[in-house]
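The lines below spell out each chain.
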Amino acid sequence: MEDLAKSDTWRVFRIMAELVEGFEALRTIGPAVTVFGSARLQPGSLYYNKCLKVAENLARSGFTVISGGGPGIMEAANKGARNGKGTSVGLNIELPMEQSANSFQDIKVEFRYFFVRKLMFVKYAVGYVIFPGGYGTMDELFEALTLIQTRKIRGFPVILVGKQYWAGLIDWMRATILAQGNIDSGDLDLFHVVEEPEEVCEIITRRYKDRTAAFPSDKRASHRKGV
């Protein structure tokens, strides 16, 4: 007899349940900024402290802050949002090594499937802020750039924090990927590279004002994308 718990059909219902839970939990959060970065950066470190400031500034400017809900940069994002009296969202997932939920989440959603969680990151975001990180951070960065490049979502600011950290990757993209014709020169304009927290908030606030100006009758809906 078939074990329904292990069948693909049953898995579809679990995926649907995660989608519904995510949509219900996040549908009223308003314009949000999603923050990514390493789970391994410790409190007191350079980028942890910069992330605290970025999230606090964003919260005071009226943005909800979304993170992956874990330690490191994720914790700094949620803590900074709370310090700024804003809404702090954590989209948590169980991982074998480094994921443990931080205690600074106002809205906490649990996921089993990475792809459902990634949908929630992008669906409610009016901007991505990318701090130094590893494979997971790179995954989120390039997925966002791909969605914007292919116009599967409306473009929003993707901001890399830490000029020295990202310099080698960007130099390689320019010298190899662009030089060999695998992207267009304009594709390198799909992201910003900054150093200071104030630059992050200025870019996102300006771009969001430009966007809402085009939809004056429904500012809350204007940030939503077709994902």
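Now for a quick tour of the structure. Keep in mind the model is a prediction, meaning the values are calculated, not measured. (Residues numbered from 1 in each chain as written. Predicted model: local features only at pLDDT ≥ 70, side-chain atom pairs only at ≥ 80, totals over all residues. Heavy atoms only, no water.)

With respect to unusual backbone geometry
Thought 1: The phi dihedral of Lys 85 falls on the positive side, at around 65 degrees, and the residue is not glycine.
Thought 2: Within the element layout of this structure, Lys 85 appears in the loop between α3 (73-83) and β3 (88-93).
Thought 3: Taking relative accessible area as the criterion, Lys 85 reaches 72% and is therefore assigned exposed.
Thought 4: Notably, Arg 151 is not glycine yet its phi reads approximately 60 degrees, a positive angle.
Thought 5: By the secondary structure assignment, Arg 151 is in the loop between α5 (135-149) and β6 (158-161). (Helix = DSSP H or I, 4+ residues; strand = E, 2+ residues; numbered from the N terminus. Buried < 20%, exposed > 50% of the residue type's maximum accessible area, 1.4 Å probe, protein only.)

Focus: the nonpolar core
Thought 1: Judged by nonpolar contacts, the single largest core of 35 residues is most densely connected at Ile 66, Leu 91, Tyr 128, Ile 130, Val 158 and Phe 191.
Thought 2: Examining the composition of this core, we find that five residues originate from one element, α5, more than from any other.
Thought 3: The contacts of Tyr 128, once residues within four sequence positions are left out, are Thr 34, Phe 36, Phe 121, Val 122, Glu 140, Ala 144, Phe 156, Pro 157, Val 158 and Ile 159.
Thought 4: With 26 residues, the next largest nonpolar core counts Val 33, Tyr 47, Tyr 48 and Val 129 among its residues. (Core = buried A, V, L, I, M, F, W, Y, C linked by side-chain atoms within 4.5 Å. Contact = heavy atoms within 4.5 Å.)

Looking at a nonpolar patch on the surface
Thought 1: Among the surface-exposed residues, Trp 10, Val 12, Phe 13 and Met 16 lie close enough to one another that they form a single nonpolar patch of about 410 Å² accessible area.
Thought 2: Position of Met 16 among the secondary structure elements: in helix α1 (residues 8-26). (Patch = residues over 30% accessible without salt bridge, like charges linked within 9 Å, V, L, I, M, F, W, Y side chains within 5 Å. Areas by Shrake-Rupley, 256 points an atom, 1.4 Å probe, with all protein chains shown as cover. Salt bridge = Lys/Arg side-chain N within 4 Å of Asp/Glu carboxyl O.)

Brief notes about the sheet that holds strand β5 (residues 125-130)
Thought 1: Strand order in the open sheet formed by seven strands is β4-β3-β2-β1-β5-β6-β7, and the pairing between neighbours is parallel. Edge positions in the sheet fall to β4 (107-111) and β7 (192-194), since each of these pairs with one other strand and no more. For this sheet, the mean angle separating the axes of adjacent strands, direction not counted, is 25 degrees.
Thought 2: With three bridges joining them, strand β1 (residues 32-36) and strand β2 (residues 64-67) adopt parallel strand pairing. Looking at β2, one finds that Ala 32 is bridged to Thr 64.
Thought 3: Of the strands in this sheet, β1, β2, β3, β4 and β5 touch helix α4 (residues 114-123), which is tilted by about 160 degrees from β3. (Pairing = 2+ DSSP bridges. Axes fitted to C-alpha atoms, helices over the stretch in contact; angles between N-to-C directions.)

Topic: the packing of helix α2 (residues 46-60) against α3
Thought 1: Relative orientation of the contacting elements α2 and α3 amounts to 35 degrees, with a least axis distance of 7 Å. For α2 against α3, the interelement crossing comes out right-handed. Together, Tyr 47, Tyr 48, Cys 51, Leu 52, Ala 55, Glu 56, Ala 59 and Arg 60 of α2 and Ile 73, Glu 75, Ala 76, Ala 77, Lys 79, Gly 80, Ala 81 and Asn 83 of α3 make up the contact between the two elements.
Thought 2: Of the residues that constitute the contact of α2 with α3, the class distribution is ten nonpolar, two polar and four charged. (Left-handed = near helix turned anticlockwise from the far one by under 90°. Nonpolar A, V, L, I, M, F, W, Y, C, P; charged D, E, K, R; others polar.)

Comments concerning the pairing of β1
Thought 1: Counting buried residues along β1, five of its five residues qualify, which places the element largely inside the surrounding structure.
Thought 2: Covered by surrounding structure in β1 are Ala 32, Thr 34 and Phe 36 together with Val 33 and Val 35, the residues of both alternating faces.
Thought 3: In the classification by handedness, the crossover that spans β1, the intervening α2 and the parallel β2 is right-handed.
Thought 4: When β1 meets β5, the two strands line up parallel, connected through five bridges. Bridging from a neighbouring strand, Phe 36 pairs with Ile 130 of β5. (Right-handed = clockwise from strand over helix to strand, strands pointing away.)

Structural measurements only, silent on function.
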